[in-house]
Amino acid sequence: MYKRYSGMLAGTLLAVAGLSGCSDSSSSSSTVSVKVWVNQGDFEDAYIWSTSITEGGQVSVDSESRLSYAEYDLEEDSEVTITISAEEVQQFTLIGKVEDTDFDVTATSRLCQWMDGCVDGETTVAFGESYSAVGEMWRTVAYDLNEDERVRLTPFTDLAATLAYERQYVESTGEWDVTGYYSAWSVVQSVSQLSRLIGVDDIQVTRPADLTRIDNWNDSQATMLDQIRYGALVAAWSHLEESYDGEDTLAADVGADLVSNDGQWLQSGDSQTVSLAELLQLARDNLDALEVSDTTAATYVATVIATLDADIAELEDDELTDIIPETIENLVGSDDYEDFELGLQRTKAFIETLRTYEDSFFEDGYREDADAYVDMVKAIGEDNADEFQALLDAYLDTYELYTSCYLSAGCPSQDSSMTWLTSIDSYDASSGILKLNDGDITVSQRVADVNTTDDDDEPDSSHAIDVLIVGTYQQNDLIFNVDHYYEDDDDDNDIERPSAVRVYFTDEVSELADSSSNEIIGYELRWGDFEFYDQTTEGTDDELEFDGYFRLFYRGVRDPQDDSSELRFNIDTVVMDSRVSDEISGDDDDDDEYADLYIGAAASNASEYYPDEVFAPFTGFFTPNSGTDFTKGSVSSDLLSYATGTETISGEEVEYLDIYIPLGESIRYRLYPTVEREDEYDADDDDDEDELIYTYDTEECYLEQNGSSWEVDTCEPTSRYYGEADFTDYVNDLWASGALSRISIDGRGTYFVEWAANSSDSNGCLVLDDLTTSGESMDGTLYDPMVLGLNTLRLQTSLELDDQPDTLLDIYVNAPTSDDYHISAALSHDYSSTSSNGYVTIGSGSDLDRIVLNYRTDYTFETTGSLSIYKDGVSLSLDDGTTDTVDSTLTVYLNASNDVDPLPYTYLVNDEGDYELCVISNEAEWDESYSFDDSTFYLNYRDVVYGRIVKENGTWIVRYIDGTFETLQ
């Protein structure tokens, strides 16, 4: 009778069939090794971060908007070899770091290329000498690099990266289009544009000359002239950076000018950050001051100076340049250009098919058959809804009746309100077996095996008893059969999954106990093997059966702030694994048409949330506790207090910070002193495990109150760090992470405690004020009330109709709150095999049609998503009148800023070349103004970004990279 899957919600899949859009395209699986060469070859000991560009044209970041990168150490000659995906867009970022003698980390240095010297902090470094370079510096973004190809990284490639993301030149109109994504076209165009603006052949190919080695020339005249000009411009740029005092970096501000100018540079004047004339003049003057001993090199330098003089003379005040990039065909080659053009035509044709996609997703006739099947299932469910509820009540009544019989050593008189109960046949007090309804129902009990990890499947005692209930119930024409599921589906074997009401007790039991002496702390309804069917349909065309496995667990919980409160019960877990079939009481192989269904849901806060009702309802999702003290914005007085001090542990003087939270978990944060230890694990990766390095430990201990004092109860294992301990920095890091200011209280939610942070560091990051030895109590404001709800869900349903292809719908939902959630869903039709994409199961096969949706609002600063359509053998009408029939995937990606204000925090690259949290706003919450209508969606066909979709004047418009557009109406 047991059938593994189910389909009571088969109708859900038809709702998804109306989606039109796209997602989940595949990336190139092959890789290449490329060489990234930094600046003028004058950098040493820096990092290069390699970051992929997503198929939506965005830089890959994590949920906190930090780059997702692979880090490489710069090798000799300022170069590093990096493995990346072939035929993709990739970003490389230069990161400088400071010296760390404990780890043999050498500070990043570069050669001074400015004849009058370079500023290094408070000192001036002479031309040709080394000086420091710290933090995140420049980028280069490149497309389709070949094996062993070399790409340059300079401040001008950084400007090109900025332009490539924001603008693209449309050759057909001669205008620059606003984009907001990297495309293959915009990347190569931006490199060409910046190269032409500064008069260098190719800023990603040309090697800028190291001016400190100007006499060491070894290339042709044309190449050397190009390299010297580029090197002079890079040196001029670096000189400008040293004295720049803008709100952002020089590269960011000049890049913003280029974007607002649609790829043009101010020729001369001071109305923008840096004019081209200023840059060229600085480069020219620095070259003129060079001391060149080699006559050939001197000739080259003189020629470059003359060219710069001529260029400067032609520049006009307050006018923008009038330059356009090389054509796409010349930049990528004729073959690649033809492929791009064909892909663009296919994209446009695919968009056209989506206008009627709801009608074309399924084969002719399938939708009608599926609708008819779903209508039949819905009708049976609606016609029997009252009967189903009555049968569920009858099963629970059976448990209550058995409890009364067992604990009283005899059954009460038959209750007339139990209309399902026709007779109490017998109750054997010695065996604890109850027979009902002429033997149709049998009730007994056994000790529940709640420890499934040991070898004892039949324990003598545990914390739970299974009240086993099997048999047949009937309500009007609706039949409910319930039995255990036995090993190998053979009732001669042991029970693998019981049908029972499992009762959890506080203390271990060997038999059903009275709750007045052994409190019940949980209930679990289990149907190991069930079936429902309308007996009037048996043998007819409408024959239908619902069967499978079901489990519902209610967890008991008291108010975490009141141990004497009444025990109430939250829904903790729901699991259903079922099938709707056209054969009553048959095996799976007997079914011609069926729908399989799996539902699994869980609540993450079931053990902390205190519900308003004894049994929390399914309808209370995302509803906070109704208590007036737990509403958003309510203030809890004296929520937290603190103290600092020292203690001696194992002969060491340890500094600590105590956080006292009477309603929650009080913690002592310990900072152990700096100790020199042997580097036995070779933490600095120098193959020396005997050297001494500085380390310190931290530890978190839980406090308990003993009268008026607090004492350490238990501690977590210590954590070891390399470097020297500093208590002020340690406490500030704890505060910045939110550990001190965001306080979670069981049963209530998360409070914000505003610590005093009135100063900022050199980066503008707020710094916690110095703490006193014993601080005053602080209030907390509830900003995130605890809510009820099953906040994770997995729903999978498949539908198989006679003589029709199979259809599979799989949905995953993770929703910690009603505002922050992640949804993944896949609808696969006419598939022959399946695989997982990490969250849901997707179909594959030669005849496949598939829709995959991903959407998440749980990232801190942005909303992301994708909608992908795969269709086999789609016939695409191209611009030239031909028809192209191909298996195609079209994807729309969403990466939209949430416009957070005030920005609560950001991440900066610190002096060590690592991300460091920077608190900007000392507030609990921030406003977000994300609007779906203001979003931009990036269109990807076969791994290439071909355009975007935006709403303009109330209409969704598709704008392609060739400048054409169309509406989605």
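These figures come from a predicted structure and were not determined experimentally.

Student: Help me out: how do you make sense of the overall build of the protein in this one?
Tutor: For the protein, the count of helices and strands is 13 helices and 54 strands. Seen through its C-alpha atoms, the protein measures out along the principal axes to roughly 115 × 85 × 50 Å. Looking at the protein residue by residue over its 969 residues, the buried ones come to 52%. Within the protein, residue pairs in contact and separated by at least 24 positions form 64% of the contacts whose partners lie at least 6 positions apart. When the accessible surface of the protein is summed, it comes to about 43400 Å², and 41% of that surface belongs to carbon and sulfur atoms. For the protein, the distance from the average site of its 45 positive side-chain charges to the average site of its 214 negative ones is 3 Å.

Student: Whenever I open this one, the pairing of strand E39 (residues 778–785) confuses me. Can you help?
Tutor: For a regular strand, the rule is simple: side chains alternate between the two faces of the sheet. Examined bridge by bridge, strand E28 (residues 635–649) and E39 share 3 bridges and lie antiparallel to one another. Across the sheet, residue Ser636 finds its bridge partner in E39, namely Gly780. Of the pairings in the sheet, the one linking strand E36 (residues 749–752) to E39 comprises 4 bridges and is antiparallel in character. Bridge pairing links Phe752 to Thr781 in E39.

Student: Can you walk me through the nonpolar core in this structure?
Tutor: Side chains of nonpolar character tend, in soluble globular proteins, to be buried together. Of all hydrophobic cores here, the largest spans 107 residues; its most connected members are Tyr373, Tyr395, Ile469, Tyr473, Phe480 and Trp527. Sort the elements by how many residues they give to this core and helix H12 (residues 385–407) lands first, with 8 residues. If sequence neighbours within four positions are ignored, Phe480 has contacts with Leu391, Tyr395, Gly471, Thr472, Tyr473, Trp527, Phe530, Glu531 and Phe532. Among the nonpolar cores identified, the runner-up in size contains 73 residues, and Val38, Ala133, Met137 and Ala283 belong to it.

Student: What am I meant to see in the confidence of the model for the protein here?
Tutor: Detailed reading of the predicted coordinates is not advisable wherever pLDDT falls low. Mean pLDDT over the protein works out to 89, with 94% of the residues at or above the 70 mark. Taken as a whole, residues 1–28 scores under 50 in pLDDT and shows 138 contacts with residues more than four places along the chain or in a different chain.

Student: What am I meant to see in the state of the cysteines here?
Tutor: Covalent bonding between the sulfur atoms of two cysteines defines a disulfide. In the structure shown here, the tally under the stated rule is 4 disulfides. Residue pairing for Cys112: its cysteine sulfur links by disulfide to Cys118, the two sulfurs lying 2.1 Å apart. Across the S-S bond of Cys112 and Cys118 the torsion is about 85 degrees, and the bridge reads as right-handed. The class for Cys118 is buried, based on a relative accessible area of 2%. Sulfur-sulfur distance for the disulfide between Cys701 and Cys715 comes to 2.0 Å. In this structure, the disulfide formed by Cys701 and Cys715 twists by about 100 degrees around the S-S bond and is classed as right-handed. Of this pair, Cys701 sits in strand E32 (residues 692–706) while Cys715 sits in strand E33 (residues 709–715); the two residues are 14 residues apart in sequence, bridging distant segments of the chain. On the basis of relative accessibility, which here comes to 0%, the residue Cys701 falls in the buried class. Numbered by order of appearance in the sequence, the disulfide-linked cysteines of the protein pair as 1-2, 3-4, 5-6, 7-8.

Student: How should helix H6 (residues 276–288) be read in this particular structure?
Tutor: Note that an α-helix has 3.6 residues per turn; residues three or four places apart therefore point the same way. For H6, which comprises 13 residues, the first-to-last C-alpha distance of 18 Å matches the rise-based estimate of 18 Å (1.5 Å per residue) to within 8%. Turning to H6, its buried residues number three or more, namely Leu276, Ala277, Leu279, Leu280, Leu282, Ala283, Arg284, Asn286 and Leu287. Among the structural elements, helix H2 (155–166), helix H3 (184–198), helix H4 (221–243) and helix H7 (295–314) are those in contact with the buried residues of H6.

Student: So what exactly am I meant to see when it comes to the packing of aromatic side chains here?
Tutor: The relative placement of two aromatic rings is captured by the distance of their centres and the angle of their planes. Within this structure, the stated rule accounts for 45 aromatic pairs. On the numbers, 6.0 Å between centres and 75 degrees between planes, the contact of Phe43 with Trp138 is edge-to-face. With Phe43 in strand E2 (residues 43–44) and Trp138 in strand E11 (residues 135–143), this pair connects stretches of sequence that are 95 residues apart. As far as burial versus exposure is concerned, Phe43 and Trp138 are alike and both buried. Taking 6.5 Å as the distance between ring centres and 85 degrees as the angle between the ring planes, the aromatic pair formed by Tyr905 and Trp926 counts as edge-to-face. Residue Tyr905 is located in strand E49 (residues 905–909), and its partner Trp926 is located in the loop between strand E50 (915–919) and strand E51 (936–941); the two are separated by 21 residues in the primary sequence. On the basis of relative accessibility, which here comes to 15%, the residue Tyr905 falls in the buried class.

Student: Whenever I open this one, the pairing of strand E18 (residues 462–475) confuses me. Can you help?
Tutor: The element E18 is extensively covered by neighbouring structure, given that 11 of its 14 residues are classed as buried. Direction of pairing for strand E17 (residues 441–447) relative to E18: antiparallel, over a ladder of 7 bridges. Bridge pairing links Gln445 to Val467 in E18. Pairing geometry for E18 and strand E22 (residues 500–509), over 6 bridges, is antiparallel. From the neighbouring strand, Val467 faces E22, where its bridge partner is Val501. Pairing geometry for E18 and strand E19 (residues 478–483), over 5 bridges, is antiparallel. Across the sheet, Gln474 pairs through a bridge with Ile479, a residue of E19. Counting the residues between successive antiparallel strands, the hairpin from E18 to E19 contains 2 residues, one of them, Asn476, with a positive phi of roughly 55 degrees.

Student: What am I meant to see in the packing of H2 against H4 here?
Tutor: Each pair of packed helices gets described by two things: the angle between the helix axes and the distance between those axes. Packing of H2 against H4 leaves a shortest axis separation of 9 Å and a crossing angle of 80 degrees. Relative to H4, the element H2 is oriented roughly perpendicular. Counted together, Pro155, Phe156, Thr157 and Leu159 of H2 and Tyr230, Leu233, Val234 and Trp237 of H4 form the full contact between these two elements. Residue composition of the contact of H2 with H4, grouped by class: 7 nonpolar, 1 polar and no charged.

Student: Explain the environment of Ile949 to me, please; I cannot follow it from the model alone.
Tutor: Take Ile949: it is sitting in strand E52 (residues 944–952). In this structure Ile949 comes out as buried when scored by relative accessible area, which is 7%. The contacts of Ile949, once residues within four sequence positions are left out, are Val892, Ser935, Thr936, Phe937, Leu939, Trp956, Ile957, Val958 and Leu968.

Student: Just checking my understanding: could you explain unusual backbone geometry for this structure?
Tutor: Both trends apply: most residues other than glycine have a negative phi, and most peptide bonds are in trans. Residues Asp901 and Pro902 are joined by a peptide bond in cis, for which omega reads 0 degrees. With respect to the helices and strands, Pro902 occurs in the loop between strand E48 (883–897) and E49. For Asp438, which is not a glycine, the phi torsion comes out positive at approximately 55 degrees. Position of Asp438 relative to the elements: it lies in the loop between strand E16 (433–436) and E17. Given the relative accessible area of 66%, Asp438 is considered exposed. In the Ramachandran plot, Asp943 falls in the positive-phi region, its phi being about 75 degrees despite a non-glycine side chain. Looking at the element boundaries, Asp943 is found in the loop between E51 and E52.

Cut-offs applied
- Residues numbered from 1 in each chain as written.
- Predicted model: local features only at pLDDT ≥ 70, side-chain atom pairs only at ≥ 80, totals over all residues.
- Heavy atoms only, no water.
- Helix = DSSP H or I, 4+ residues; strand = E, 2+ residues; numbered from the N terminus.
- Buried < 20%, exposed > 50% of the residue type's maximum accessible area, 1.4 Å probe, protein only.
- Contact = heavy atoms within 4.5 Å.
- Areas by Shrake-Rupley, 256 points an atom, 1.4 Å probe, with all protein chains shown as cover.
- Lys, Arg positive; Asp, Glu negative; His and termini not counted.
- Charge placed at Lys NZ, Arg CZ, Asp CG, Glu CD.
- Pairing = 2+ DSSP bridges.
- Core = buried A, V, L, I, M, F, W, Y, C linked by side-chain atoms within 4.5 Å.
- pLDDT = per-residue confidence, 0-100.
- Disulfide = S-S within 2.5 Å.
- Expected span 1.5 Å × (residues − 1).
- Phe/Tyr/Trp six-rings, centres within 6.5 Å; stacked < 30°, edge-to-face > 60°.
- Axes fitted to C-alpha atoms, helices over the stretch in contact; angles between N-to-C directions.
- Parallel < 35°, antiparallel > 145°, perpendicular 65-115°, else oblique.
- Nonpolar A, V, L, I, M, F, W, Y, C, P; charged D, E, K, R; others polar.

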